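Given next are the chains, with one letter for each unit.
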Amino acid sequence: MSKRFWKGIFEENPVLVLMLGLCPALGTTTAVKPALAMGIATAIVLIAVELVMTLLSHAVHEKVFMVVSVLLTAVLTSIAEYVMAQNFPELHEELGIYLPLMAISSVILSRVSAVSKSGSLAEALGDSLGMGIGFVLALATVSSVRELLGAGTWFGLQVMPEGFQPVAAFSMAPGAFFTVAFLAAAMNVKARRKASETDREGE
Amino acid sequence: MNYVVFAVEAALISNIALSYFLGLSPFPEIGKDKKQTCIGALAMVIVMTLSSLICGVIYRYILVPANAVQAKTVVFVVVILAASGLLALLLRKRAGELESGKAFPVLAVNTAVLGTVLVIVQNDYGVLNGTFYGFMAAVGYLIVIAMLSSIDDELKYSDVPKSFRGVPILLVAAGLMAIAFHGIEVLGG
């Protein structure tokens, strides 16, 4: 279980290694605040869906398993949307289409199809917690880079010195693509170094 | 409203893949099976137009009068699942080479369709304009996917840094395309 947990955070980070959930990772990361809100909402729904579907894995026929998962995710997403709209109307407005899009989030659905079918609750718990936290961390990293370079702020606070000229491209679509591409490449370098180290140990 | 401007806006300037980041889940598969990716994107034009029409009608004439706008996500997901399931059934009969088992999750899980419908509702385009928007957005998506898969072809012959191989370099390409597409807006203005 704990092995699964750590895998989700670094080795198999949903966004930067598995390339899942690119849509929220690119769309909500203009600033740290909406990115964190999106990440936490997704993580909570992911944990709930993965656990419930694991419990139901014997009761639901394999053919309709994914359809049931999608419907459950959609219902939970609607609830998350409602809660967000009631308590944080500004964030809800800012997230726009990306919050309801969680209903078919590839992070949630691919984890459910990869883990929940086995029916092991411990595996599902470790995996969903790891993937959820990994997703939040990835979004936080991407949005930190973009907010610092694109606006010179972090979580709305002025961080960069006064002379800093914000690079507007980072708060627009191209900057999102570049940031995620470079972070994913950095994760690649790390994974490769680790792989070659274990090779040497083997020799 | 000028329909030519609206069409260019929907397909290119605010391209769903490059400025809304929708439908990027087939990214890791782009290089692997070009035909499958392109047939999938082509099928999406049909699903997207159909879903935009049905969801537009349901939203305008059922959800808004019934004051049940909160239920829109669930309703749209059901409509899209049904539309893409229907298409998968039809495709299985017509084209044997496209395995419906593979096409169905790609279509159903694809964020592009749901995202487009949500954009239509958010911007209050109405039923007719919304359907037109859905169609043009899907055409724009097809253009981007076709271009990216050709770029991926070219990348095989270039010396890409090891850590960028695969999806990261495609994301860089998409970023550069986003800059280029953004330039079209300036031409129009």
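Everything below is about the structure printed above this text.
Residues numbered from 1 in each chain as written. Chains lettered and ligands numbered in written order. Predicted model: local features only at pLDDT ≥ 70, side-chain atom pairs only at ≥ 80, totals over all residues. Heavy atoms only, no water.

J.: How would you sum up the interface of chain B and chain A? Please name residues and give values.
T.: The partner chain A presents 34 residues to the 37 residues of chain B that form the contact. A per-residue breakdown of the area chain B buries against chain A is headed by F21, S163 and L171 of chain B, which together make up 20% of the total. At the junction of chain B and chain A, the tally comes to one salt bridge. A salt bridge links K72 of chain B to E81 of chain A; the shortest N-O distance between them is 3.4 Å. Mapped onto the side of chain B that touches chain A, the elements with two or more residues apiece are α3 (72–94), α4 (100–109), α5 (111–122) and α7 (167–188) of chain B. Per element, the largest residue contribution to the side of chain B that touches chain A is nine residues, and it comes from α7 of chain B. Tallied by class, the residues present in the side of chain B that touches chain A amount to 25 nonpolar, nine polar and three charged. (Contact = heavy atoms within 4.5 Å. Buried area = accessible area lost by both parts, 1.4 Å probe. Salt bridge = Lys/Arg side-chain N within 4 Å of Asp/Glu carboxyl O. Helix = DSSP H or I, 4+ residues; strand = E, 2+ residues; numbered from the N terminus. Nonpolar A, V, L, I, M, F, W, Y, C, P; charged D, E, K, R; others polar.)

J.: Now, about the layout of surface pockets: what can you tell me, with residues and values included?
T.: Considered as a void within the structure, the second largest pocket measures approximately 440 Å³ in volume. When residues of the lining of the second largest pocket are traced back to their parent elements, those giving at least two are α4 (65–87) and α5 (89–95) of chain A together with α5 of chain B. (1 Å grid on protein atoms, 1.4 Å probe; cavity = no way out; pocket = protein on both sides within 12 Å on 5 of 7 lines; lining within 4 Å. Points joined across faces, edges and corners; volume = space filled by probe spheres on them.)

J.: Requested: an account of empty space enclosed by the protein, with residues and values cited.
T.: Inspection of the entire model under this criterion finds two cavities of 30 Å³ or more. In this structure, the largest cavity encloses a volume near 170 Å³. What lines the largest cavity is a set of 20 residues, and nearest its centre among them are G21, C23, P24 and S106 of chain A together with T111 of chain B. Of all the secondary-structure elements, those providing two or more residues to the lining of the largest cavity are α2 (22–27) and α3 (32–56) of chain A.

J.: Explain the nonpolar core to me, and be specific about the residues and the numbers.
T.: Judged by nonpolar contacts, the single largest core of 107 residues is most densely connected at F177 of chain A together with L114 of chain B. When residues of this core are assigned to domains, at least three map to each of domain 1 (33–147) and domain 2 (159–189) of chain B. When near neighbours in sequence (up to four residues on either side) are disregarded, F177 of chain A contacts L26 of chain A together with A17, L18, F21, L24, L171, A174, G175 and A178 of chain B. (Core = buried A, V, L, I, M, F, W, Y, C linked by side-chain atoms within 4.5 Å. Buried < 20%, exposed > 50% of the residue type's maximum accessible area, 1.4 Å probe, protein only. Domains from an automatic or database assignment.)

J.: A description of the pattern of salt bridges should follow, citing residues and the corresponding values.
T.: Enumeration over the complete set of coordinates arrives at seven salt bridges over all chains. Put simply, D127 of chain A and R4 of chain A hold a salt bridge, and the shortest N to O gap is 3.7 Å. Placement of the pair is D127 of chain A in helix α7 (residues 121–151) and R4 of chain A in helix α1 (residues 2–9), with a sequence separation of 123 residues. Under the relative-accessibility criterion, R4 of chain A is labelled partly exposed at 28%. Two residues, R165 of chain B and D159 of chain B, come together in a salt bridge whose shortest N-O distance is 3.9 Å. Residue classification places R165 of chain B among the partly exposed residues on the basis of a relative accessible area of 45%. For D159 of chain B, a relative accessible area of 72% puts it in the exposed group. What emerges from the salt-bridge pattern is a single network uniting R4, R111, E123 and D127 of chain A.

J.: How would you explain the environment of S149 of chain B if you had to name every residue and give the values?
T.: All names here are of chain B. Inspection of the secondary structure assignment puts S149 in helix α6 (residues 127–155). Given a relative accessible area of 4%, S149 falls into the buried group. Considering only alpha carbons, one finds S149 and A68, 81 residues apart in sequence, at a separation of 41 Å.

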